[in-house]
Structures are given as structure tokens and as C-alpha cells.
Amino acid sequence: MGRAELFFLSVVKVPRFPQKLAAFKYSLQFDEQTQSLKSSLRLLAKACDEVVENKKLAGILHRVLALGNFMNESAGKPKSAGITLDSLIKTAKKKGSDGKTTVLDHLITTAMNNKLDLVDFWSDMPAVRDAMRLNLDDFRSLLRECESGAQSVNRSIETEKSETKILDDS
């Protein structure tokens, strides 16, 4: 018999070889996968911090809230204390009396005419640009792979422990 045949004959004798091989493969890939997840999570956390701490964006949102409250007041609605993403999207689509200009167009034009340094808020958020390039489906898939791999390793360990105990008790 050749070396390959002898190898396969010896592998066949190893109990639960496919499970052990999968666990070994996972252990080899673990550091790389977790580093990838960690770097993505760090980037997302940094992007969130940039959004929360951005004074220019806060200024724009404050003005959008004021405009929305002004429009609500003229329609007889109560003032709002904050903005939801849904209301922000609606505000972005809201047209003026000319049928062309949106509320956001008016806001930006006013900010630029008054030389308010709000319009370039993106320049203060480089991590947000990078985070926008992350593919969340890839991120979820990698997370699922890590979870299933860890479960596979745990099952292999528990099986080995229980079989070792049975052999020890014999």
C-alpha cells in the first residue's frame, strides 16, 4: 500500500475524525476571524462616537428640528423634542411652495448664505465613511461562523470528556 492509503486507513480508525478535523480547522482560523470582527467592531464604535460627538451634525439636526417645529406649529401640531429617522426622511422629501425646493435644500442654502460652518460635517467623520464600506452581511456571516465553530469545538470537548470518563471508570 502507498502512503496515501496508509494515511486513510489510520484516519478511519480515529473516532469522530470529521468533527475533530472541523474543530482543528476552526482553531486555526479563530485568531484571524476574531481579529477581523474586532477591527470591524472598533471601526463601527469609532463611527458611532464621531456621529454622537459631531457638533456640526448636531447643529444641522437642531435646525431641522426647529424648522419641523415651525412647520408643525403652523399646522396646529405640538412641538417635538427630537427627531426620528423616519421624520428626518419625511422632512428631506418635503417640498416648498415652489414644488422643487426641499426643506433640506432651504436649510443648506441658508447655512451657506449665513456662512455657517455646518455643511461640511462629513470632514469631521472619517470613520463613518470607512464604516459605510463594511458589508453587514459579511459581518453577520463571519459572526455566525465563529459561533458555530465555537459550538463545534465545545461539543467535541464535551464528547471527549465523557468518553474519557467512561474509559477511566472501566
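Our subject is the structure listed above.
It should be emphasised that the depicted structure is a prediction, and the values quoted were computed from it without experimental measurement.

**Q** Explain the nonpolar core here, please?
**A** Proteins that are soluble and globular tend to have nonpolar side chains buried together. One finds Ala47, Leu57, Ile60, Val64, Leu107, Leu118, Phe121, Met125, Ala127, Val128 and Ala131 forming the largest nonpolar core, which totals 11 residues. Contributions of two or more residues to this core are made by α3 (55-74) and α6 (126-132). Among all residues touching isoleucine 60, those that are not within four sequence positions of it are Leu107, Leu118 and Phe121. One finds Leu37, Phe139, Leu142 and Cys146 within the second-largest nonpolar core, a separate group that totals five residues.

**Q** Looking at this model, I keep getting lost on helix α5 (residues 103-113). Mind explaining?
**A** Since the α-helix advances by 3.6 residues per turn, residues separated by three or four positions end up pointing in the same direction. Listed as buried for α5 are Val103, Leu107 and Ala111. In an axial view of α5, the angular spread of the buried residues amounts to 70°, which keeps them on one side of the axis. Counted as exposed and oriented over 90 degrees from the buried face of α5: Met112 and Asn113. In the core, the buried residues of α5 are packed alongside α3 and α4 (85-93). Looking one or two places after α5, you find lysine 115, whose phi comes out positive at around 55°.

The rules behind the values
Residues numbered from 1 in each chain as written. Predicted model: local features only at pLDDT ≥ 70, side-chain atom pairs only at ≥ 80, totals over all residues. Heavy atoms only, no water. Core = buried A, V, L, I, M, F, W, Y, C linked by side-chain atoms within 4.5 Å. Buried < 20%, exposed > 50% of the residue type's maximum accessible area, 1.4 Å probe, protein only. Helix = DSSP H or I, 4+ residues; strand = E, 2+ residues; numbered from the N terminus. Contact = heavy atoms within 4.5 Å. Arc of directions from axis to C-beta.

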